[in-house]
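# Topology and contacts: notes
Read off the chains here:
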Amino acid sequence: MKGSEKELVYQLLKKTSAAVLGYDCQAFLSKPVFFDDTDFPQAQSAAAVSHGDKAAELSSGESATIDSIALKIEACSRCPLSKNRKNVVPGEGVPHPLVLVVGEGPGADEDAQGRPFVGRAGQLLDKMLMAVNLSREKNCFIANIVKCRPPMNRDPAPEEAQACRSFLDAQIHVLKPKMILAMGRVALQNLLDTSIGINRMRGQFVDFKGIPFMATYHPSALLRDESLKRPAWEDLKAFKQKLLEICPDYDK
């Protein structure tokens with residue numbers, strides 16, 4: 001079935017539901033995005049697209065790539081963030097990264113350029129990664145929890161992060177990074193579905209679907225408070241040591 005046909009069925013069911021109930025029960029929910037069945041040929045069960053495996057929605061087909069996921073992101077209108085964006089920011093880096101770096105969302109510079117971490121915080125992130133022999137050009141992929149800029153650089157709302165989550169899960173599924181580095185509280189809490197703060201969790205390794213995961217301070221936090229630079233550096237050194245255990249030759 002084509003995506004347009006699915007949307008027609010959805011609209012008919014929505015109108016019928018509103019007529020029966022007397023109100024639109026979907027009014028406060030994000031509109032689904034409908035794809036042609038040929039986009040992703042392997043059928044998926046409802047359980048396969050649960051919170052535990054959202055990658056199935058976008059990356060189940062053999063032809064799914066980072067570029068094809070980026071095209072879906074570009075067409076996305078699931079949440080209000082899509083209405084005021086200049087550009088979507090799917091992410092960038094190498095196709096088979098050692099490390100996936102995850103931030104919270106695009107800022108003004110990122111929205112203008114369609115690239116992640118290109119402002120002051122991005123320049124500092126590049127220096128942080130370079131200090132442990134990592135870079136987006138050589139062995140990393142950089143992405144965000146949400147792919148469109150939240151107004152005034154506020155934290156993404158829970159429903160906005162949820163609307164974007166399947167894109168990030170699909171990226172993780174396709175990229176298959178050896179390790180994940182979460183930058184800041186928002187990335188940590190959304191990826192791990194936790195309310196634990198960054199101060200308690202930074203520098204600790206946990207398992208994320210079989211991938212070693214660590215969170216540290218967001219570069220923008222280091223720009224605001226230079227006292228955080230030393231603990232962030234300690235986190236990066238521990239991260240490097242773990243990466244060397246997995247890939248002994250990565251920094252040669």
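Below or above, wherever it landed, is the structure these notes cover. (Residues numbered from 1 in each chain as written. Predicted model: local features only at pLDDT ≥ 70, side-chain atom pairs only at ≥ 80, totals over all residues. Heavy atoms only, no water.)

### Section: the environment of L228
Within the fold, L228 resides in the loop between α10 (219-224) and α11 (229-246). Leaving out residues up to four positions away in the same chain, L228 has contacts with Y217, A221 and L222. (Helix = DSSP H or I, 4+ residues; strand = E, 2+ residues; numbered from the N terminus. Contact = heavy atoms within 4.5 Å.)

### Regarding the nonpolar core
Counting 60 residues, the largest nonpolar core has V99, L134 and L191 as the members making the most contacts within it. Tallying contributions element by element places helix α7 (residues 158-175) first for this core, with nine residues. Residue contacts for V99: discarding those within four places in its chain leaves L134, N139, C140, F141, P177, M179, L181, F239 and L243. (Core = buried A, V, L, I, M, F, W, Y, C linked by side-chain atoms within 4.5 Å. Buried < 20%, exposed > 50% of the residue type's maximum accessible area, 1.4 Å probe, protein only.)

### Details of the packing of aromatic side chains
Enumeration over the complete set of coordinates arrives at one aromatic pair. It is K242 that lies over the ring of F205; its NZ or CZ is 5.8 Å from the centre. (Phe/Tyr/Trp six-rings, centres within 6.5 Å; stacked < 30°, edge-to-face > 60°. Lys NZ or Arg CZ within 6 Å of the ring centre and 35° of its normal.)

### Observations regarding the packing of helix α3 (residues 66-74) against α7
At a minimum axis separation of 10 Å, α3 and α7 run at an interaxial angle of 170°. Relative to α7, α3 is oriented roughly antiparallel. For the pair α3 and α7, the contacting residues are I66, I69, K72 and I73 in the first and F167, A170, Q171, V174 and L175 in the second. Taken together, the residues of the contact of α3 with α7 sort by class into seven nonpolar, one polar and one charged. (Axes fitted to C-alpha atoms, helices over the stretch in contact; angles between N-to-C directions. Parallel < 35°, antiparallel > 145°, perpendicular 65-115°, else oblique. Nonpolar A, V, L, I, M, F, W, Y, C, P; charged D, E, K, R; others polar.)

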